[in-house]
2 protein chains.
Amino acid sequence: MAAFSCPSSYVIRCSSNRDNNHDQNMKNLNNIKISGTSPSPRSGGKPDMLSQKTGAATTSVASVTKNHSLTAERIRQNIPTKKQLVDPFRQGLIIEGGVGYRQTVVIRSYEVGPDKTATMESVLNLLQETALNHVWMSGLLSDGFGATHGMMRNNLIWVVSRMQVQVDQYPIWGEIVEIDTWVGASGKNGMRRDWLIRSQATGHVLARATSIWVMMNRKTRRLSKIPEEVRAEISPWLIEKQAIKEDVPEKIVKLDDKAKYMNDDLKPKRSDLDMNHHVNNVKYLRWMLETIPDRILESHQLSEITLEYRRECGSSDIVQSLCQPDEDEILNNGVSQDINDITILNGFSLATEIMKGNGLLGSFEKRPLRYTHLLQTKEESKNEEIVRGRTVWKKKIPTMLFST
Amino acid sequence: MAAFSCPSSYVIRCSSNRDNNHDQNMKNLNNIKISGTSPSPRSGGKPDMLSQKTGAATTSVASVTKNHSLTAERIRQNIPTKKQLVDPFRQGLIIEGGVGYRQTVVIRSYEVGPDKTATMESVLNLLQETALNHVWMSGLLSDGFGATHGMMRNNLIWVVSRMQVQVDQYPIWGEIVEIDTWVGASGKNGMRRDWLIRSQATGHVLARATSIWVMMNRKTRRLSKIPEEVRAEISPWLIEKQAIKEDVPEKIVKLDDKAKYMNDDLKPKRSDLDMNHHVNNVKYLRWMLETIPDRILESHQLSEITLEYRRECGSSDIVQSLCQPDEDEILNNGVSQDINDITILNGFSLATEIMKGNGLLGSFEKRPLRYTHLLQTKEESKNEEIVRGRTVWKKKIPTMLFST
C-alpha cells in the first residue's frame with residue numbers, strides 16, 4: 001500500500017518550507033471534499049486550515065478559481081474510490097486472488113542507457129509507479145504518496161526504511177515486461193512490499209525487489225503504530241510471499257571519512273524533487289553511482305542494490321557521497337559461490353572461461369565487486385546520515401572482442 | 001519517421017570512441033539478420049564488418065554466445081517487420097487515414113514535479129517515445145534511432161535541426177493523455193514531425209509540438225539528400241497538417257560572453273547518454289533551465305521552448321550554458337496581447353485582476369518572460385555552439401493566497 005516517494009525514516013528534521021508544502025497539499029485535498037468554506041469532515045477537525053486568509057475580498061475570488069481548478073484536477077486524475085479489478089489504461093490487473101497487482105509495461109526509449117538496456121534508475125521508477133498504481137486500484141488512495149484515506153484522517157504518511165533490488169538481466173528497449181507487486185506484514189507495525197519483473201516474451205524473471213515501510217506522523221515526524229482503522233483498510237491486502245528470500249538481512253556498516261572515494265558538495269536541484277518535495281530515490285542512486293570510478297562503471301553491470309534510509313533530504317541540504325570497495329570480501333570469497341554467480345548472472349559458465357583459455361584464474365576476474373555507500377548531509381557541526389547503501393557489480397560480457 | 005535521440009546537425013566532429021560505438025551497433029544489427037558468418041544482404045555489401053576478429057578460437061566461442069544473445073534480444077524486442085494498425089501494449093493505433101499515430105499514455109508518478117504536473121522534460125521524453133513508436137508501427141524501423149531499413153542500407157541517420165514545444169496546460173499525475181504524431185515534407189530533403197497532446201477526460205489540447213529533421217551520413221557526418229529508395233519508404237506517410245501555425249520561424253540570436261547568466265564547466269555524466277551515445281535532449285533542457293534564476297523558476301511556468309540544434313555533444317565535451325532575458329521585449333510588448341495570454345494560459349482574466357485590486361498595472365506583472373539560451377562547448381581555442389534556445393514563461397496562478 002505504499003510507494004517510495006517519501007524516502008525518510010526515524011529522526012527527521014523538516015524545513016519550514018517543506019512543512020508549508022505539506023500543509024498546502026493537505027488543504028488542497030480538503031478543499032476537494034467541500035464546495036463552500038466550512039471545514040471538511042475529513043480535515044481531522046482543523047477548521048483553522050481554511051481560515052488562514054489574507055483578506056476576504058481577495059480570497060473569495062481566488063477561492064472560486066482554486067476550487068474550480070481542483071474540481072477540474074479531480075476529473076482529469078479520476079482516482080478510483082472503489083476497488084478496480086482491471087485498468088485498461090495502466091494495463092493493470094488485480095492478481096493473487098484479489099490482492100496482488102500486475103502491470104504490463106513497455107520499456108521506453110528514454111528508459112535505457114547507451115547499451116539499450118533499462119537503467120537501474122528506470123527500474124526504481126517502475127517499482128514506484130506500480131506500487132502507487134496498486135494502491136490506485138485498491139480504491140484506498142488518498143494522495144500522491146500512497147497514503148490511504150484512513151492514514152490521511154490520522155495524519156500519517158508512509159516512509160520507506162529499506163529497499164533491495166536484484167537484477168539478473170536488465171529489460172531491453174521495446175521489451176514488454178510484467179511487473180507483479182504485493183504487500184505483506186513486517187513485524188507488528190511495518191509493511192513489506194515486493195516486486196517481480198518478468199519478460200513477457202521469455203517468461204524469465206529479470207529482476208526481484210523487496211522493501212520495508214513504516215508509518216510516520218506527518219506533523220510530529222515521529223514513527224507511529226498502525227491505527228485500527230488503517231489496519232482494517234490494509235489487512236485484507238496482506239499476503240505471505242517473498243520475492244527475495246533472505247533470512248537475516250545483511251547489515252550495512254557506516255562509512256567514515258576514511259572511505260576510498262568521496263564526492264562532495266552535492267546539491268539537489270529543482271528537477272530532483274518529487275511530488276513530496278523531497279529529493280527522489282533516483283537522485284540518491286545517481287549520487288551513489290557517480291562516486292564509483294568510471295573504469296568500474298564501464299566494465300561492470302550493477303546487479304544488486306540495498307538502500308537503508310535514515311533521514312529525508314530536502315532541497316536546501318548539501319550532500320556528501322562516500323563509497324568503499326569491499327576488497328576483503330573479494331579476497332576471502334569462496335570459489336564455488338563465485339562460479340555460481342557468474343553462471344547465473346552473466347550467462348557465462350566456468351567451462352566457457354576455460355575454453356577461452358582463461359582457466360580457473362581468469363574466472364576470478366569476473367567475480368562480483370561489492371561496494372558500501374553512504375550519503376550524508378554536510379554540516380559544520382555534524383554530518384547526518386541520509387542513506388546507507390550496498391551495491392554488487394558483475395563483470396559485463398566482454399564485447400570488446402567484437403569492436404576491435 | 002524519426003525520433004530525436006540524435007540531436008546533432010551540420011558540422012559535426014565525432015570522437016573515435018563514438019564511432020566505434022556506432023560501428024558496434026551496426027555490426028550487432030547485421031548479426032541479427034544472419035545466423036552464420038556470411039555478410040547479410042542488408043549490410044550494404046560490407047563483409048569486413050564481420051571479419052574484424054581478434055583470434056579464431058577466442059572469437060568462435062564468443063560469437064556463439066553473442067549470436068545467441070542477439071537472437072534472444074530480437075525475440076524480446078519483437079520489432080515488427082510489417083505495418084501494424086494497433087499495438088495493445090504500447091496502446092498505440094494508426095490514425096489519419098493510415099499514416100498518423102496515436103498513443104494513450106498515463107502520466108506516471110515520477111514524471112511530475114513537486115506541483116504534481118508533468119515536467120517539460122517528461123513532455124520531451126513522451127514526444128521522443130511516440131515518434132519512435134510511430135516508426136515501430138510502420139514496419140520500417142531498423143534501429144533505436146528511428147532509421148528505416150533503406151536508411152540503414154545507405155548509412156543514413158536522422159538528425160533534428162529544430163524543435164518547438166508549446167504547453168498550454170501541463171498534464172497532471174494520473175491523467176490519461178492522447179498523443180497524436182504525424183510527419184510531413186519540409187523542403188526537398190527535410191521532414192517535419194508534429195505532435196498534439198490532448199487530455200482524454202476533457203478533450204482539451206494541452207500541448208503542441210513541431211520539429212524539423214534531415215538525414216546525415218553516419219560515417220562522413222555530412223548532410224545527405226534523401227535517396228530514392230528512402231523517399232519511397234517515407235513518402236506514403238507524409239501529410240500536410242501543422243500542429244503549430246508559424247509562417248516565419250522566429251530567429252534565435254547567438255549569445256556571447258555578455259549574457260546576463262552563465263553556468264560553466266557542465267560535464268555530461270554516463271547517465272546522461274542515450275542509446276545513440278549522445279547527451280540526450282532532456283539534459284540540454286536541464287542545462288538551459290538551471291541557468292535561469294530560482295525566483296523565476298518558482299514564480300513562473302515554462303510555456304514554450306524552441307531549440308535549434310547545431311552540433312552533437314559527446315561524453316567528453318565540457319559545456320557552457322548562457323542565458324539572456326528579453327527585457328526589451330517586456331517593455332515593448334503590446335497590452336492587448338498580454339491580456340489575451342493571461343486569459344488563455346492562466347485561466348485568469350483582466351477583470352479578476354482588477355477585482356483583486358491590482359488594476360491594469362498589476363496585470364503587467366503577469367506578462368510572459370522570454371529568455372534566449374545558448375549551450376556551447378568550452379574550449380581553449382574556440383567555443384562551438386551545441387544548441388540555441390528560446391524559452392517563454394508565464395506567471396503561475398498565485399497559490400500563496402492559500403499557504404499563508
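Computed from a predicted model, the values in this text were never measured in an experiment. (Residues numbered from 1 in each chain as written. Chains lettered and ligands numbered in written order. Predicted model: local features only at pLDDT ≥ 70, side-chain atom pairs only at ≥ 80, totals over all residues. Heavy atoms only, no water.)

Chemist: Is there a simple way to explain helix H7 (residues 281–289) of chain A in this structure?
Modeler: What sets the pattern is the α-helix's 3.6 residues per turn: residues three or four places apart point alike. With 9 of 9 residues buried, H7 of chain A is to be regarded as a mostly interior element. Those residues of H7 of chain A that sit buried are Asn281, Val282, Lys283, Tyr284, Leu285, Arg286, Trp287, Met288 and Leu289 of chain A. (Buried < 20%, exposed > 50% of the residue type's maximum accessible area, 1.4 Å probe, protein only. Helix = DSSP H or I, 4+ residues; strand = E, 2+ residues; numbered from the N terminus.)

Chemist: Looking at this model, I keep getting lost on the nonpolar core. Mind explaining?
Modeler: Nonpolar side chains in soluble globular proteins tend to be buried together. Judged by nonpolar contacts, the single largest core of 74 residues is most densely connected at Met120, Leu127, Val165 and Tyr284 of chain A. Of the residues forming this core, the biggest block, 7 residues, is contributed by helix H4 (residues 120–138) of chain A. (Core = buried A, V, L, I, M, F, W, Y, C linked by side-chain atoms within 4.5 Å.)

Chemist: Is there a simple way to explain the state of the cysteines in this structure?
Modeler: Between two cysteines, a covalent bond joining their sulfur atoms is known as a disulfide. Tallied over the full model, the rule gives 0 disulfides over all chains. With no disulfide partner, Cys323 of chain A has as its closest neighbouring cysteine sulfur the one in Cys313 of chain A, 18 Å distant. (Disulfide = S-S within 2.5 Å.)

Chemist: Hey, could you run me through the packing of helix H4 (residues 120–138) of chain B against helix H7 (residues 281–289) of chain B in this one?
Modeler: For any two helices packed against each other, the geometry is given by the interaxial angle and the distance between the axes. Residues and elements named next belong to chain B. It is at 9 Å that the axes of H4 and H7 come closest, and there the two elements cross at 160°. Comparing their axes, H7 and H4 come out roughly antiparallel. The handedness of the crossing between H4 and H7 comes out as right-handed. Here Met120, Glu121, Leu124 and Asn125 of H4 come into contact with H7, specifically with Asn281, Val282, Leu285 and Arg286. Class assignment of the residues belonging to the contact of H4 with H7 gives a composition of 4 nonpolar, 2 polar and 2 charged. (Axes fitted to C-alpha atoms, helices over the stretch in contact; angles between N-to-C directions. Parallel < 35°, antiparallel > 145°, perpendicular 65-115°, else oblique. Left-handed = near helix turned anticlockwise from the far one by under 90°. Contact = heavy atoms within 4.5 Å. Nonpolar A, V, L, I, M, F, W, Y, C, P; charged D, E, K, R; others polar.)

Chemist: In this structure, what is going on with empty space enclosed by the protein? I would like to understand it.
Modeler: Over the atoms rolls a probe the size of a water molecule, and its path tells where empty space is left. Counted by the stated rule, this structure contains 7 cavities of 30 Å³ or more. Its boundaries defined by the atoms lining it, the largest cavity holds a volume of some 220 Å³. Surrounding the largest cavity, 20 residues form its lining, Gln91 and Arg108 of chain A together with Phe89, Gln91 and Arg108 of chain B being those nearest its centre. Among the secondary structure elements, those contributing two or more residues to the lining of the largest cavity are strand E3 (100–106) and H4 of chain A together with strand E3 (100–106) and H4 of chain B. (1 Å grid on protein atoms, 1.4 Å probe; cavity = no way out; pocket = protein on both sides within 12 Å on 5 of 7 lines; lining within 4 Å. Points joined across faces, edges and corners; volume = space filled by probe spheres on them.)

Chemist: Just checking my understanding: could you explain the packing of aromatic side chains for this structure?
Modeler: The geometry of an aromatic ring pair is captured by two quantities: the separation of the ring centres and the angle between the planes. Enumeration according to the criterion identifies 4 aromatic pairs over all chains in this entry. Measuring from centroid to centroid gives 5.7 Å for Trp136 of chain A and Trp173 of chain B, while their planes differ by 85°, and the two rings are edge-to-face. Highlighted residues: Trp136 of chain A in helix H4 and Trp173 of chain B in the loop between strand E4 (156–167) and strand E5 (176–186), drawn from two different chains. Each member of the pair, Trp136 of chain A together with Trp173 of chain B, is buried. Summarising the aromatic geometry, the rings of Tyr284 of chain A and Tyr309 of chain A are spaced 6.3 Å apart at their centres and angled 45° between planes, so their arrangement reads as tilted. (Phe/Tyr/Trp six-rings, centres within 6.5 Å; stacked < 30°, edge-to-face > 60°.)

Chemist: When you look at the confidence of the model for chain A in this model, what are you seeing that I'm missing?
Modeler: Do not read the fine detail of predicted coordinates wherever pLDDT is low. All names here are of chain A. Here chain A averages 78 in pLDDT, while 72% of its residues score no lower than 70. Taken as a whole, residues 1–60 scores under 50 in pLDDT and shows 145 contacts with residues more than four places along the chain or in a different chain. Within the model, the stretch residues 328–359 combines pLDDT values under 50 with 48 contacts to residues more than four positions away or in other chains. As a predicted assembly, this complex carries a pTM of 0.78 together with an ipTM value of 0.78. (pLDDT = per-residue confidence, 0-100.)

Chemist: What should I look at first to understand the side chain of His373 of chain B in this one?
Modeler: Residues and elements named next belong to chain B. Position of His373 among the secondary structure elements: in strand E12 (residues 369–377). For His373, a relative accessible area of 0% gives the class buried. Among the polar contacts listed, one links the side chain of His373 to the side chain of Thr391, at a separation of 2.8 Å. Apart from residues lying up to four places away in sequence, His373 is in contact with Leu255, Met288, Ile292, Leu322, Cys323, Val387, Arg388, Gly389, Arg390 and Thr391. (Polar contact = N/O pair within 3.5 Å; in protein donor to acceptor, adjacent residues only side chain to side chain.)

Chemist: What am I meant to see in the pattern of salt bridges here?
Modeler: As a working rule, side chains carrying opposite charge can pair if their charged atoms are close by. Overall, the coordinates contain 46 salt bridges over all chains when judged by the stated rule. Across the pair Arg102 of chain A and Asp180 of chain A runs a salt bridge, and its minimum N-O distance is 2.7 Å. Residue Arg102 of chain A is found in strand E3, and its partner Asp180 of chain A is found in strand E5 (residues 176–186); the two are separated by 78 residues along the sequence. For Asp180 of chain A, a relative accessible area of 2% gives the class buried. A salt bridge links Arg286 of chain B to Glu121 of chain B; the nearest nitrogen and oxygen atoms lie 2.9 Å apart. You can see Arg286 of chain B sitting in helix H7 and its partner Glu121 of chain B sitting in helix H4, a full 165 residues away along the chain. (Salt bridge = Lys/Arg side-chain N within 4 Å of Asp/Glu carboxyl O.)

Chemist: How do you make sense of the side chain of Arg198 of chain B when you look at a structure like this?
Modeler: Residues and elements named next belong to chain B. Inspection of the secondary structure assignment puts Arg198 in strand E6 (residues 190–199). Within polar-contact distance, the side chain of Arg198 engages the side chain of Asp180 at 3.3 Å. Residue contacts for Arg198: discarding those within four places in its chain leaves Arg102, Ile176, Val177, Glu178, Asp180, Gly203, His204, Val205 and Leu206.

Chemist: Any chance you could explain H4 of chain A here in plain terms?
Modeler: Residues and elements named next belong to chain A. In this model H4 runs 27 Å from its N-terminal to its C-terminal C-alpha over 19 residues, within 8% of the 27 Å that 1.5 Å per residue would give. Burial analysis of H4 places 19 of its 19 residues in the buried class, which makes it a mostly covered element. Where H4 terminates, the next one or two residues include Gly139, which has phi positive at roughly 80°. (Expected span 1.5 Å × (residues − 1).)

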